[in-house]
Amino acid sequence: MEAFYVGLAEILEIEASKVSSELNLTELAWDSLAVISTIALVDDQFSVMLDGKALAQCQRVADIEALIAKEKAR
Amino acid sequence: MAARDRFGRNVRLAGARISGVVSAIPSQQVSNDHFVPQFGAEAVAEVVKMIGVQTRYWATAALTTADLCRRAAEVLLDRLRWNKADIGALVYVTQTPDHRLPATACILQDNLGLPTSCAAFDVNLGCSGYPYGLWIAMSLALSGACTRVLLLVGDTISKTVSSTDRSTALLFGDAGTATAVEVSGNDGFAQFVLGTDGAGARNLIIPNGGFRSSALSDPRLAGRDLAALFMDGSEIFNFTLRSVPGMVSQVLQEAAADPGAVDAYLFHQANLFMLNHLAKKLKIPKERFPTNIDRFGNTSSASIPLLLTSDLAGSIAKRRANLVLAGFGVGYSWAAAYLPVGPLECVETVVV
């Protein structure tokens, strides 16, 4: 998850140390550009593709992690 | 084992070639500063970081896609010294025709002084339009219907976007192109992959202007100008990741081509972030993956021929290159071609 958090921090333009499962995305710039960047990040790191619609609805980083786990299990 | 046609229909055509390509761009250059009053400097910088467009060229109200393609065709026919009487077909690929009817190809036949024995028709495709158009043009030439085909491909998508829509206003540029296709005796072949998934039609669409009234019950369209282009960027990105790497691998496999023997991969210039991600995924080295979206924006169907005349002109004018062309997007429609191109007597970009 380490590299994933660093990537996510870059996308959200915050410090990497601030990223955790509990981080609230709704208070950050979680817009369509961030969603597209996250699709690419997750594809790079975990070789799975997340659905943009589902990703846009994520409220916390934990929700993204749950989507990744679900895709990896498929 | 995956089906051989998992990413599209496989077609191999031998005995036709590209003999020349000309692109025409409008003279009006638009920089990113143009968008700052509407969106603010910060939002512009954020979008530009994603799409990678620094400048684009926009046609004025009086200049249509057909005008750009006509100019490109005139230069092409002049340089190649083609006898107009030999042109048996004109294929015009565009989503920005002059009129709802007649087909703009008919008007172009007259404007270009082509014979009345010339078959002419429009093809309504965008991002996938160039490889699709090559397949059509080469098929016509090889059918025996004609030996020389004029393939005109272009769009003026800037005229379809809403100036207040952040996701499309900065992205597009305008261009028209002309490609000469003819029967040739050489031993090369063109390998195509062609595919369609209309389930994605609603994710890149101009809802109004045709004959189906705006009964699309889609919450994403609420409050929007239905005569303007709508694009769902993340849906398009998902589609691209699902289709493009597989399509490119499939065309190489069907052609029995070694990826290392490909001189250049010319992808539809959709958005720089997406292009860089695809190149990384396919392990295509940067020097074999030219991009021109920084200078021209996303020019829809014209982006691949514009790459030929802008970034590859120096090399394909002199020698033969093995190219992979990949178009993907609106429809959803996608097409790839693996083919040798060059040396070309005529490959250039002109300003109208």
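From a predicted model like this one, the values you see are computed outputs, not experimental measurements. Every chain is numbered on its own, with residues counted from 1 as its sequence reads. The lettering of chains begins at A and the numbering of ligands begins at 1, in the order of writing. Whole-chain, interface and lining totals are the exception, using all residues; otherwise, since this is a predicted model, local features are given only for residues with pLDDT of at least 70 and side-chain atom pairs are given and counted only at 80 or more.

A. Representation of the overall build of chain A in the model. In this description a helix means any DSSP run of H or I spanning at least four residues, a strand means any run of E spanning at least two, and both kinds are numbered starting from the N terminus. Secondary structure summary: chain A contains 4 helices and 0 strands in total. Along chain A, from the amino end to the carboxyl end, the secondary structure elements read α-α-α-α. Sorting the 74 residues of chain A into buried and exposed places 27% on the buried side. By the criterion used throughout, residues are in contact when their C-beta atoms, derived from the backbone, lie within 7 Å. Restricting the contact set of chain A to residue pairs at least 6 apart, pairs at least 24 apart contribute 47%. Exposure is read from a count of other C-beta atoms within 10 Å of each residue's own; the residue is exposed at 12 or fewer, buried at 20 or more and partly exposed in between. C-beta atoms are placed from the backbone.

B. Here's a closer look at helix α2 (residues 32-46) of chain A. For a helix, the expected span equals 1.5 Å multiplied by the residue count minus one. With 15 residues, α2(A) ought to run about 21 Å at 1.5 Å a step, and its terminal C-alpha atoms sit 21 Å apart, in line with that. Of all the residues in α2(A), the buried ones are A:Leu33, A:Ala34, A:Val35, A:Ile36, A:Ser37, A:Thr38, A:Ile39, A:Ala40, A:Leu41 and A:Val42. Considering only its buried residues, α2(A) is in contact with α1 (2-12), α3 (52-56) and α4 (61-73) of chain A together with α2 (41-51), α7 (233-254) and α8 (272-281) of chain B.

C. Representation of the nonpolar core in the model. Residue and element names in this part refer to chain B. Formed by 128 residues in total, the largest nonpolar core has its most connected members in Leu90 and Ala336. A domain assignment, automatic or from a database, supplies the domain bounds used here. Both domain 1 (16-183) and domain 2 (189-347) contribute no fewer than three residues apiece to this core. Ignoring sequence-local partners within four residues, the contact set of Leu90 consists of Ala105, Leu108, Gln109, Leu114, Cys118, Ala120, Leu150 and Leu152. Each nonpolar core consists of buried Ala, Val, Leu, Ile, Met, Phe, Trp, Tyr and Cys residues. Their C-beta atoms, within 7 Å, join them into a set.

D. Inspection of the domain arrangement of chain B at higher detail. Residues and elements named next belong to chain B. Splitting chain B by domain gives domain 1 (16-183) and domain 2 (189-347). Distance from the C-alpha centre of domain 1 to the C-alpha centre of domain 2: 15 Å. At the interface, 50 residues of domain 1 touch 45 residues of domain 2. Elements with a contribution of two residues or more to the side of domain 1 that touches domain 2: β2 (16-25), α2, β4 (55-57), α3 (65-80), α5 (129-142), β7 (148-155), α6 (166-169) and β8 (175-183). Its residues assigned to classes, the side of domain 1 that touches domain 2 comprises 25 nonpolar, 20 polar and 5 charged. Each residue receives one of three labels: charged for Asp, Glu, Lys and Arg, nonpolar for Ala, Val, Leu, Ile, Met, Phe, Trp, Tyr, Cys and Pro, and polar for the others, Gly being one of them.

E. How the structure looks around the environment of A:Ile36. Looking at the secondary structure, you find A:Ile36 in helix α2. Residue A:Ile36 is classed as buried on the basis of its 23 C-beta neighbours within 10 Å. Taking the C-alpha atoms as reference points, A:Ile36 and A:Leu50, separated by 14 residues in sequence, lie 9.8 Å from one another. With near-sequence residues (within four places) excluded, A:Ile36 lies in contact with B:Gly233, B:Ser234 and B:Phe237.

F. Molecular detail of α2(B). Those residues of α2(B) that fall on the buried side of the exposure criterion are B:Val44, B:Val47, B:Met50 and B:Ile51. Seen end-on, α2(B) carries its buried residues on one side only, within an arc spanning 130°. For α2(B), the exposed residues set more than 90 degrees away from the buried face come down to B:Ala41, B:Glu42, B:Ala45 and B:Lys49. In the core, the buried residues of α2(B) are packed alongside α2 of chain A together with α1 (36-39), α6 and α8 of chain B. Once α2(B) finishes, B:Gly52 follows within two positions and takes phi at roughly 75°, a positive value. Picture the helix axis, draw a direction to every C-beta atom, and the arc is the one those directions span.

G. Highlighting the interface of chain B and chain A. Each partner contributes residues to the interface: chain B has 11 residues there, and chain A has 11 residues. When the residues that make up the side of chain B that touches chain A are grouped by side-chain class, the tally is 3 nonpolar, 5 polar and 3 charged.

H. Highlighting the packing of α2(A) against α7(B). Two elements in contact, α2(A) and α7(B), have axes whose closest approach is 9 Å; the angle formed by their N-to-C orientations is 20°. One way to sum up the angle between α2(A) and α7(B) is to call them roughly parallel. Remark: the crossing between α2(A) and α7(B) carries right-handed chirality. Residues A:Ser32, A:Val35, A:Ile36, A:Ile39 and A:Asp43 of α2(A) lie in contact with α7(B), whose contacting residues are B:Gly233, B:Ser234, B:Phe237, B:Asn238 and B:Leu241. Of the residues in the contact of α2(A) with α7(B), the class split is 5 nonpolar, 4 polar and 1 charged. Convention adopted: a line fitted to C-alpha atoms gives each axis, helices being fitted over their contacting stretch, and angles between N-to-C directions are expressed from 0 to 180 degrees. In what follows, roughly perpendicular refers to angles from 65 to 115 degrees, roughly parallel to angles under 35, roughly antiparallel to angles over 145, and oblique to any angle outside these ranges. Whether a crossing is left-handed or right-handed is set by the direction in which the near helix is turned from the far one by less than a right angle, anticlockwise for left-handed and clockwise for right-handed.

I. A look at the sheet that holds strand β6 (residues 119-123) of chain B. All names here are of chain B. Spatial ordering of the open sheet is given by β6-β5-β7-β8-β2-β15, a layout of 6 strands whose pairing is mixed. Looking at the sheet topology across the chains shown, the edges are occupied by β6 and β15 (346-351). Adjacent strand axes in the sheet meet at a mean angle of 15°, parallel and antiparallel pairs treated alike. Along the sheet face, α5 touches β2, β5 (87-93), β6, β7 and β8 and points at about 165° away from the line of β7. Strand pairing follows a simple DSSP-based rule, namely that at least 2 bridges must link the two strands.

J. Region of interest: unusual backbone geometry. In this structure, the amide linkage connecting B:Leu101 to the following residue, B:Pro102, adopts the cis form with an omega of 5°. Counting through the fold element by element, B:Pro102 comes out in the loop between β5 and α4 (104-111). Of the consecutive residues B:Gly342 and B:Pro343, the connecting peptide bond is found in the cis state with omega at -5°. Along the chain, the position of B:Pro343 falls in the loop between β14 (333-341) and β15. The residue A:Glu13 is not glycine, and still its phi comes out positive at about 55°. Tracing the backbone shows A:Glu13 in the loop between α1 and α2. A count of 10 C-beta atoms within 10 Å places A:Glu13 in the exposed class. Of note in the backbone geometry, A:Ser47 takes a positive phi value of approximately 55° without being a glycine. Position of A:Ser47 among the secondary structure elements: in the loop between α2 and α3. Under the C-beta neighbour-count criterion, A:Ser47 is labelled exposed, with 10 such atoms within 10 Å.

K. The arrangement of the environment of B:Asp86 in detail. Residues and elements named next belong to chain B. Among the secondary structure elements, Asp86 is positioned in the loop between α3 and β5. Remark: the alpha-carbon pair of Asp86 and Arg148, spanning 62 residues in sequence, is separated by 6.3 Å. In this structure Asp86 touches Thr147 and Arg148, once residues within four positions along its chain are discounted.

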